[in-house]
Amino acid sequence: MPEIRIEEGDITRLDVDAIVNAANSTLLGGGGVDGAIHRAAGPQLKAHCAGLGGCPTGEARITPGFNLPARYVIHTVGPVWRGGNDNEPDLLESCYRQSLGLAAEHDCRSVAFPAISCGVYGYPLEQAAAVAVSTVQHFLQSHEQPATVLLCCFGDAVASAYRQALEAG
Ligand code: ADP
């Protein structure tokens, strides 16, 4: 049975097949979880990303994990929150769907997501958690891989938003 688990802590430490990066559209690294992933993966990740030519909002790209425990990094570009009438929910849903699609294509049994767009991009936590949980649940119903999706939380507020979304679903 596929499962969704809430995991607290640093995503770069997780021993999963793929971790998802909340990247910016240059894919060349930034702050927050993006910076942490690039630091932990090593400079080869940035060199590899430089060849990808960026990534539009709502899409995803896959790279090796280099020095990370994870085999792959799936880079996705979440929407900047602009009040909710700028297609933010569809774009965030697309990030989760495209990331899971790449994970499935690459035979990943386990994938970990950070709370995409919930840092400097300012997406309200409860609304983002609802999109994350419903999109992952929907994907898992119709795909054999990944079998395990970890929703990685950096801090109690994120964890409790996910718990509420899972209970509501
Ligand atoms: P965005 O630009 O998409 O908002 P951020 O990196 O600013 O991305 O934040 C996304 C989420 O990732 C936030 O909830 C933040 O607390 C979390 N985060 C930051 N560092 C890590 C980490 N090392 N592991 C897991 N989550 C992290």
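Definitions and limits used
Residues numbered from 1 in each chain as written. Predicted model: local features only at pLDDT ≥ 70, side-chain atom pairs only at ≥ 80, totals over all residues. Heavy atoms only, no water. Near = heavy atom within 4 Å. Polar contact = N/O pair within 3.5 Å; in protein donor to acceptor, adjacent residues only side chain to side chain. Areas by Shrake-Rupley, 256 points an atom, 1.4 Å probe, with all protein chains shown as cover. Helix = DSSP H or I, 4+ residues; strand = E, 2+ residues; numbered from the N terminus. 1 Å grid on protein atoms, 1.4 Å probe; cavity = no way out; pocket = protein on both sides within 12 Å on 5 of 7 lines; lining within 4 Å. Points joined across faces, edges and corners; volume = space filled by probe spheres on them. Nonpolar A, V, L, I, M, F, W, Y, C, P; charged D, E, K, R; others polar. Pairing = 2+ DSSP bridges. Axes fitted to C-alpha atoms, helices over the stretch in contact; angles between N-to-C directions. Contact = heavy atoms within 4.5 Å.

Student: Can you walk me through the site of the ligand in this structure?
Tutor: Around the ligand lies a shell of 15 residues, among which Asp10, Ile11, Val33, Ser117 and Gly119 are the nearest. In this structure, a nitrogen atom belonging to the ligand sits 2.9 Å away from a side-chain N or O atom of Asp10. Between the ligand and the protein, one listed contact pairs an oxygen atom with a backbone N or O atom of Ser117 at 2.9 Å. Compared with its free state, where it exposes 560 Å², the ligand has 89% of that area covered by protein. Sort the elements by how many residues they give to the shell around the ligand and helix H1 (residues 32–41) lands first, with three residues.

Student: Looking at this model, I keep getting lost on the layout of surface pockets. Mind explaining?
Tutor: In this approach, a probe sized like a water molecule rolls over the atoms, and the result shows the empty space that is left. Roughly 510 Å³ of volume is contained in the largest pocket. Along its surface, the largest pocket is lined by 25 residues, and Ala22, Gly32, Val33, Asp34 and Gly119 are the ones closest to its centre. The set of elements that each furnish at least two residues to the lining of the largest pocket consists of strand E2 (18–23), H1 and strand E6 (148–153). Per-element accounting of the lining of the largest pocket gives the leading share, four residues, to H1. Of the residues that constitute the lining of the largest pocket, the class distribution is 15 nonpolar, eight polar and two charged.

Student: Would you mind going over the sheet that holds strand E5 (residues 110–113) with me for this structure?
Tutor: By way of backbone hydrogen bonds, the strands of a sheet pair with one another, either parallel or antiparallel. Taken in spatial order, the six strands of this open sheet run E1-E6-E5-E2-E4-E3, and their pairing is mixed. Unpaired on one side and paired on the other, strand E1 (3–8) and strand E3 (60–64) mark the two borders of the sheet. Taking the axes of each pair of neighbouring strands and ignoring which way they run, one obtains an average angle of 25° across the sheet. Where E1 and E6 come together, six bridges link them in parallel fashion. Looking at E6, one finds that Ile4 is bridged to Val149. On top of the sheet, H1 reaches E2 and strand E4 (72–77); it is set at about 130° to E2, its chief contact. In the packing of helix H5 (residues 156–168) onto the sheet, contacts are made with E1 and E6, and the angle to E1 comes to roughly 160°.

So far we have only geometry, and geometry alone does not tell us how the molecule works.
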